[in-house]
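Okay, here's what each chain looks like letter by letter:
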Amino acid sequence: MKLPILPFLVFVAGIAAAAPSFKAEKPYPAIGLKFKTLSGGNPEPLKQAQTHTYTRTDNQTGATDELELFSARELWYATQHLGQWRDKAGNLMILGRADYALPKVRATAGTHVSREDFEQAAADNKLRIGQVDITDNRLLSWVGDFADAKPGEPEKIRCPFRIRDAAFVPTDHPQQVACLFRIKSQLPAADDWYCLIIEIADGTSSAKVRKDIETQFLATISAIPRSSTTTRADNKELKTFTPGARTPEKIADHPSRDAAKKSIANMAGWWYAETADYIFLSDVRSSLGKNLVKTFQTILPDYRKALKKLVPPFVEQTDVNVVRIFENEADYKRHVGPKHEFSDGIWNPGLRELAILSCGNKKAEETMDIMRHEGFHQYLFYAADKIIVSTWLNEGYACFCEGAVIKGGRVSFPETGRVDQLLRELPAATALIPKLIKTSHEGFYAGNDQQISLKYATAWGIVYFLCKGVPSNRKYEAYATILPDYWKTLKETRDCEKANEAAFEGVSMEKFQKDFSEFWQKGRNAARRIDPLAANQK
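Residues numbered from 1 in each chain as written. Predicted model: local features only at pLDDT ≥ 70, side-chain atom pairs only at ≥ 80, totals over all residues. Heavy atoms only, no water.

Visitor: What is the right way to read empty space enclosed by the protein from this model?
Guide: If a probe as big as a water molecule is rolled over the atoms, it shows which places are left empty. Inspection of every chain in the model, using the stated rule, returns one cavity of 30 Å³ or more. The calculated volume of the largest cavity comes to roughly 40 Å³. Looking at the largest cavity, the residues that line it are Arg 304, Lys 308, Pro 313, Val 315, Glu 316, Gln 317, Tyr 379, Tyr 382 and Ala 383. The greatest single-element share of the lining of the largest cavity, amounting to three residues, is contributed by helix H8 (residues 364–383). (1 Å grid on protein atoms, 1.4 Å probe; cavity = no way out; pocket = protein on both sides within 12 Å on 5 of 7 lines; lining within 4 Å. Points joined across faces, edges and corners; volume = space filled by probe spheres on them. Helix = DSSP H or I, 4+ residues; strand = E, 2+ residues; numbered from the N terminus.)

Visitor: Can you walk me through the pairing of strand E10 (residues 176–183) in this structure?
Guide: Among the eight residues of E10, eight are classified as buried, and the element is accordingly described as predominantly covered. The alternating pattern of E10 places Gln 176, Ala 178, Leu 180 and Arg 182 and Val 177, Cys 179, Phe 181 and Ile 183 on opposite faces, both of which are buried. Direction of pairing for strand E9 (residues 163–168) relative to E10: antiparallel, over a ladder of five bridges. Along E10, the bridge assignment pairs Asp 165 with Arg 182. Pairing between E10 and strand E11 (residues 194–199): six bridges, direction antiparallel. By the bridge assignment, Leu 180 is partnered in E11 with Cys 195. (Buried < 20%, exposed > 50% of the residue type's maximum accessible area, 1.4 Å probe, protein only. Pairing = 2+ DSSP bridges.)

Visitor: Could you clarify how one ought to interpret the sheet that holds strand E1 (residues 26–28) in this entry?
Guide: One key point about sheets: their strands pair by backbone hydrogen bonds, in either a parallel or an antiparallel sense. The strand order E1-E2-E12 describes an open sheet built from three strands, whose pairing is antiparallel. Each having just a single partner strand, E1 and strand E12 (222–223) make up the two edges of the open sheet. In this sheet, strand E2 (residues 33–35) lies alongside E1 in antiparallel orientation, the contact comprising three bridges. Looking at the pairing, Lys 26 lines up with Phe 35 of E2.

Visitor: What am I meant to see in the sheet that holds strand E3 (residues 42–43) here?
Guide: Read from one edge to the other, the open sheet built from seven strands follows the order E3-E6-E7-E11-E10-E9-E8, with strand pairing classed as antiparallel. Strands at the two margins of the open sheet, each flanked by one partner only, are E3 and strand E8 (155–156).

Visitor: Looking at this structure, how should I read the packing of aromatic side chains?
Guide: The geometry of an aromatic ring pair is captured by two quantities: the separation of the ring centres and the angle between the planes. Tallied over the entire structure, the rule returns 42 aromatic pairs. For the pair Trp 142 and Phe 146, a centre-to-centre distance of 4.8 Å together with 10° between the ring planes defines the contact as stacked. Taken together, the residues span about one helical turn, with Trp 142 and Phe 146 both in helix H3 (residues 137–147) at a distance of four residues. An angle of 50° between the planes, with centres 5.3 Å apart, marks the rings of Phe 465 and Phe 519 as tilted. In this pair, Phe 465 sits in helix H13 (residues 449–472) while Phe 519 sits in helix H16 (residues 509–522), placing the two residues 54 residues apart along the sequence. One Lys or Arg, Arg 115, reaches over the ring of Phe 70 and ends 4.5 Å from the middle of that ring. One Lys or Arg, Lys 184, reaches over the ring of Phe 161 and ends 5.7 Å from the middle of that ring. (Phe/Tyr/Trp six-rings, centres within 6.5 Å; stacked < 30°, edge-to-face > 60°. Lys NZ or Arg CZ within 6 Å of the ring centre and 35° of its normal.)

Visitor: Got a minute to help me understand helix H5 (residues 255–262) in this structure?
Guide: Helical geometry: 3.6 residues make up each α-helical turn, so side chains three or four residues apart lie on a common side. Among the residues of H5, Arg 257, Ala 260 and Lys 261 are the ones counted as buried. Along the axis of H5, the buried residues cluster in a sector spanning 95°; they form a single face. Its buried side turned inward, H5 meets strand E13 (271–274), strand E14 (278–282) and strand E15 (321–326). (Arc of directions from axis to C-beta. Contact = heavy atoms within 4.5 Å.)

Visitor: Is there a simple way to explain the side chain of Arg 372 in this structure?
Guide: With respect to the secondary-structure elements, Arg 372 resides in helix H8. Polar side-chain contacts of Arg 372 include one of 2.6 Å to the backbone oxygen of Glu 402. Residues within four places of Arg 372 in sequence aside, it is in contact with Tyr 303, Glu 365, Cys 401, Glu 402, Gly 403, Ala 404 and Ile 406. (Polar contact = N/O pair within 3.5 Å; in protein donor to acceptor, adjacent residues only side chain to side chain.)

In structure tokens, the structure reads:
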């Protein structure tokens, strides 16, 4: 997670309350419906299912392996969810299709299940909802699971012309209005039950929301031919390569790539771009933002090759790097949550997703810095086989890589703006080193902005010293084994504390601090000429 070099202030403007209403209808071919969404609302991507990692130990051999498990409801919800839209007052509209009931899946560990077990359970035809009556308990249970609330008895609605059946379903969520409906049509959409949920955030009464659903939403909705594609016509692919450009990489099918595309299905204004290792999802409309993503597509293959030399992977990555780029700051903050809303970019290993706030009025290079910084965290997560890496080293490398210069297939790692703070506070940074190396993840981010910023600068300074300073001068050769010993021990033990101990075993910390300080005061010129990618291969 990248923090700004200097402290910053945030100003939050108030938003006037406005009752949820519906704007002009639009066609959604992937759903098979034409309908209205919230006035002033923006499509909001559904978060990927959270990954929960468990370590399994064989009682006889002691061998361990890791399981990646999920909430059965999250996996199921993604299959029933068609889209959601949020207006400026925070009111949320969710549309779902009642395809099949939430399956009962035996938990593999804790309360979580494997994706394979879920998919096997979900394939049971007995779970299909079908054309049941609106009072059928299976349908009402589906509403409860989809709304994550306890449903009451359905209250039938006098149906508009295009609606075959409709009813409001009261729930125990006081700010929630749920409406079941079926379309009157000869098209396949007529066979399906749909559910509209409005989560009220501005204090509007549920009675008014119900009235608007009847008069503005249900009265205008209609069926249209359904597309077979996973993304609607608006979700166009951003093309990068033009005649005379480098031949595009071959892009293989992958479940993560398909899930990423599905997450923006039915979301007008969202588009995607791909490389062999990445998929970018974005709602950026400006030519600046789109050109930036095209730049990502062009340079990131070379960047990844450089990272594989800088930190050779324990295992070859088989997953796809998902990057979601937001144009709107409020949408970004909502997506990453209150804990990380101060950031401009964050790699979330649980969601297997890197989220970035687009540069907007900032310089594009700032967004490039974020992509290189968070992109290293994303790379290391897979390269280190999802093992926890010491925070000083993880953040130190990310800061080292954020300033990477990528030109003509060559990647170099010059000093970054963090050097100014490091030199300005060198005595404090030098004194911090022993504690920083042993600091936990939570401890690294504790303190005020200035303290955290110094930790980032110091971590960057250590990694720069080890990657470029040590190879530049024989007097530092005693430190040449620190990084190789760390990665070797981490791979063998899967324990970052043991890796730390092995890396600094036999190293006089007092002398290391002295040499570190001396290097930054008068040893930088030779280090600037060092190529850490070449040095790493010796």
